[in-house]
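One letter stands for each residue in the lines below.
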Amino acid sequence: QVQLVESGGGLVQAGGSLRLSCAASGRTFSSYVMGWFRQAPGKEREFVAAISWSGGNTYYGDSVKGRFTISRDNAKNTVFLQMNSLKPEDTAVYYCAATGAIYYRDYGNRKMYDYWGHGTQVTVSS
């Protein structure tokens, strides 16, 4: 069982930056693929980024490529999402998710993730 707690959300102006954190419980954090998803009002939950257990492989949604960076610190059981050049359309609740070993091609599939946090709100003003 893994429990995930997101933090770092808030209100920021367009063009600004935020860094989200996701703290995980459990001694097997380093064996999990970790992902970030987001959900805006009235929209489906959307894939943002994912990272392999070692941090050696990362994968991004098209809308955030070149602006967001996912990373992890296995010693601290934490995964991060650095968000730069934020746009109003990035406004959403951001969720951290975890899963065991999956194929790289499935990193963006929310149905493959077993554990979810409660989310943190990110609001980007124009």
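Note on numbering: residues in each chain are counted from 1, in written sequence order. Local features are withheld for residues below a pLDDT of 70 in this predicted model, meaning they are given only at 70 or higher, and side-chain atom pairs are given and counted only at 80 or more; totals for whole chains, interfaces and linings count all residues. In computing side-chain values, all of the structure's heavy atoms are included and hydrogens and water are not.

### Structural notes on the sheet that holds strand β8 (residues 78-83)
When DSSP finds two or more bridges between two strands, those strands count as paired. Under the DSSP-based scheme used, a helix requires at least four consecutive residues in state H or I and a strand at least two consecutive residues in state E, with every element numbered from the N terminus. Ordered in space as β1-β3-β8-β7, the four strands form an open sheet in which the pairing is antiparallel. The open sheet is flanked by β1 (4-7) and β7 (68-73), the only strands paired with a single partner. With strand direction ignored, the average angle separating the axes of adjacent strands in the sheet is 15 degrees. With four bridges connecting them, β1 and strand β3 (residues 18-24) associate as antiparallel partners. Bridging from a neighbouring strand, V5 pairs with A23 of β3. Angles shown run from 0 to 180 degrees and are taken between the N-to-C directions of axes, each axis being a line fitted to C-alpha atoms and, for helices, limited to the stretch in contact.

### Regarding the nonpolar core
In this description, a nonpolar core means a group of buried Ala, Val, Leu, Ile, Met, Phe, Trp, Tyr and Cys residues linked to one another through side-chain atoms lying within 4.5 Å. Burial classes: relative accessible area under 20% of the type maximum marks a residue as buried, over 50% as exposed, and values in between as partly exposed (1.4 Å probe, protein chains only). Ranked by size, the top nonpolar core spans 30 residues in total, and within it L4, M34, W36, V79, L81, M83 and Y94 carry the most contacts. Secondary structure elements with two or more residues in this core: β3, β4 (33-39), β5 (46-51), β7, β8, β9 (92-99) and β11 (120-125). Other than its neighbours up to four places away in sequence, M83 contacts G16, S17, L18, L20, R67, F68, Y94 and V122. By size, the runner-up hydrophobic cluster in this structure holds eight residues, among which are V33, A50, I102 and Y107. Residue contacts are counted whenever heavy atoms from the two residues lie within 4.5 Å of one another.

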